[in-house]
Amino acid sequence: MILVTGCAGFIGSNFIHTWLEGQDEGIINVDKLTYAGNLENLAAFTNDSRHHFVQGDIGDRGLIEGLLKTHQPRAVINFAAESHVDRSIHGPQDFIETNIVGTFNLLESVRTYWSGLATEHKTAFRFVHVSTDEVYGTLSPTEAAFSETNAYLPNSPYAASKAASDHLVRAWHHTYGLPVITTNCSNNYGPFHFPEKLIPLIIMNALYGKPLPIYGDGQQVRDWLYVQDHTRAIACVLQAGRIGETYNIGGWNEKANIDVVKLICSHLDLLKPRADGKPYADQITYVTDRPGHDRRYAIDARKVERELGWKPNETFETGIQKTIQWYLDHPEWVAHVTSGEYRHWVDKQYGEKANLA
Ligand code: NAD
Ligand code: DAU
């Protein structure tokens, strides 16, 4: 089996869907269940013995070392993080604690476990660290997309904390020989995306008749990847990625924010027209820009495509339609997330089980 962290969040929960829909190898999922963790994302696996959920912190060495010793996983994939740039600007402390100190403690727990494995298992073991393109900083409109050899130039507290975690992972390989692989991915979107991030926020605000906030001039560019293309890429990296390497993952889908928002509005106009017949784009509102806002991200994904044969299945146009339809089809998920009621659901569904290792 494998041990994953942070998989009641957006990308991690999608990873568990991808993994368990494709095979039977079990998963231990350790998640602290911060505001971003939502076991409702994994409701499909509530009674599935292949998924074993443990509520806990990646920085809790006693817990993690106990789980590793008991379950003897062949790999650890680290998704756990504080992930929202705006929150990192308002309060960076949690980002330092989880993304840097938490990753350090996780690496030490894994190193202790891995050092004690028999040679055959030690050789086969992998630690995959899931990171972001934001570590590379920002691009001008004409600069080449980020490749794995770009310098690290993080600009937000979030990006700096992820950059620090990547450096720790790298150092644990070079110094201790831990068999690590790091992935740096562009902006994801798709099912179970928490509505603090641009795409789900716009879909939900549009449907609730609220303003659609555009930071600054709306001309910032992001390179969007459908989340299940990302989770497939991580599975490929685990299976065949080279130890000590980093892989950039992206969808070749650069879009300006304002164009993303207008596209969502035009799809909603067709799928769920406003009661007053007016276009959703009327709700677009320009607001004060994010401090230090990176202008453009773009990923050169040729290495992962060439070495591992991975390619995205979705274009932005197909992925955004699937995403909007998913939000329209899941009004209960949306209502629970927005009301915070999903926390009650955790107690109701799992109760004390959530704490059992
Ligand atoms: P998310 O915020 O939706 O989920 C993060 C999860 O980590 C939550 O379930 C949370 O409860 C858990 N967590 C937080 N602190 C923890 C701790 N100390 N111990 C255990 N669990 C903890 O984030 P996401 O968007 O799913 O991102 C997952 C990973 O992918 C992150 O490492 C992020 O940096 C990276 N990433 C995200 C994107 C994106 O577009 N969302 C793109 C590239 C990389
Ligand atoms: O690039 C990968 C990163 O993508 C991940 O590492 C992060 O975890 C993830 O949150 C995301 O970061 P961004 O800051 O790019 O995503 P966000 O959805 O917050 O914002 C996307 C763009 O939209 C960004 O340019 C800011 C802008 N924006 C965002 C919000 C929430 C707005 O214009 N209005 C908004 O209300």
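Scroll up to find the structure this text is about.
Read on for an overview of the structure.

## So, the side chain of Asp223
Relative to the assigned elements, Asp223 resides in strand β9 (residues 221-223). Of the side chains with opposite charge, Arg296 lies nearest to the buried Asp223, which makes no salt bridge, at 7.6 Å. A distance of 3.3 Å separates a polar side-chain atom of Asp223 from the backbone nitrogen of Trp252. Only 2.9 Å separates the side chain of Asp223 from the backbone nitrogen of Asn253, close enough to count as a polar contact. Contacts of Asp223, omitting those with residues within four sequence positions, involve Ser186, Asn187, Gly251, Trp252, Asn253, Glu254, Tyr297, Ala298 and Ile299.

## A look at the site of ligand 1
Neighbouring residues of ligand 1: 28 residues in total, closest Ile11, Asp31, Ser83, Tyr158 and Lys162. Within the backbone of Ile58, one N or O atom sits 3.0 Å away from a nitrogen atom of ligand 1. A distance of 3.0 Å is found between a nitrogen atom of ligand 1 and a side-chain nitrogen or oxygen belonging to Thr98. Starting from 830 Å² of accessible surface for ligand 1 in isolation, the protein chains cover 97%.

## What to know about the pattern of salt bridges
In total, this model carries 19 salt bridges according to the counting rule given. Between Glu245 and Arg242 there is a salt bridge, and its shortest N-O distance comes to 3.6 Å. For Glu254, the salt bridge goes to Arg296, with nearest N and O atoms at 2.7 Å. Here the residue Glu254 occupies a position in strand β12 (residues 254-256), and Arg296 occupies one in the loop between β13 (284-287) and α10 (302-308), the gap between them amounting to 42 residues. Classification of Glu254 by relative accessible area gives partly exposed; the value is 39%. Residue class for Arg296 comes out buried when judged on its relative accessible area of 8%. Through salt bridges that share partners, Arg242, Glu245, Lys303 and Glu307 make up one connected network.

## Side note on the packing of helix α9 (residues 257-271) against helix α11 (residues 316-329)
As a packed pair, α9 and α11 sit with axes 11 Å apart at the nearest point and diverge in direction by 55°. One way to sum up the angle between α9 and α11 is to call them oblique. Remark: the crossing between α9 and α11 carries right-handed chirality. In this structure, α9 contributes Val260, Leu263, Ile264, His267, Leu268 and Leu271 to the contact, and α11 contributes Phe316, Ile320, Gln321, Ile324, Gln325 and Leu328.

## Quick notes on the site of ligand 2
Near ligand 2 you find 23 residues, and of these Thr132, Asp133, Tyr158, Arg290 and His293 are the closest. At 2.5 Å, a side-chain N or O of Asp133 approaches an oxygen atom of ligand 2. Protein contacts shield 93% of the accessible area of ligand 2, which totals 680 Å² for the unbound molecule. Contributing elements (two or more residues each) for the shell around ligand 2: α7 (198-207) and β8 (212-215).

Rules used throughout
- Residues numbered from 1 in each chain as written.
- Chains lettered and ligands numbered in written order.
- Predicted model: local features only at pLDDT ≥ 70, side-chain atom pairs only at ≥ 80, totals over all residues.
- Heavy atoms only, no water.
- Helix = DSSP H or I, 4+ residues; strand = E, 2+ residues; numbered from the N terminus.
- Buried < 20%, exposed > 50% of the residue type's maximum accessible area, 1.4 Å probe, protein only.
- Lys, Arg positive; Asp, Glu negative; His and termini not counted.
- Salt bridge = Lys/Arg side-chain N within 4 Å of Asp/Glu carboxyl O.
- Polar contact = N/O pair within 3.5 Å; in protein donor to acceptor, adjacent residues only side chain to side chain.
- Contact = heavy atoms within 4.5 Å.
- Near = heavy atom within 4 Å.
- Areas by Shrake-Rupley, 256 points an atom, 1.4 Å probe, with all protein chains shown as cover.
- Axes fitted to C-alpha atoms, helices over the stretch in contact; angles between N-to-C directions.
- Parallel < 35°, antiparallel > 145°, perpendicular 65-115°, else oblique.
- Left-handed = near helix turned anticlockwise from the far one by under 90°.

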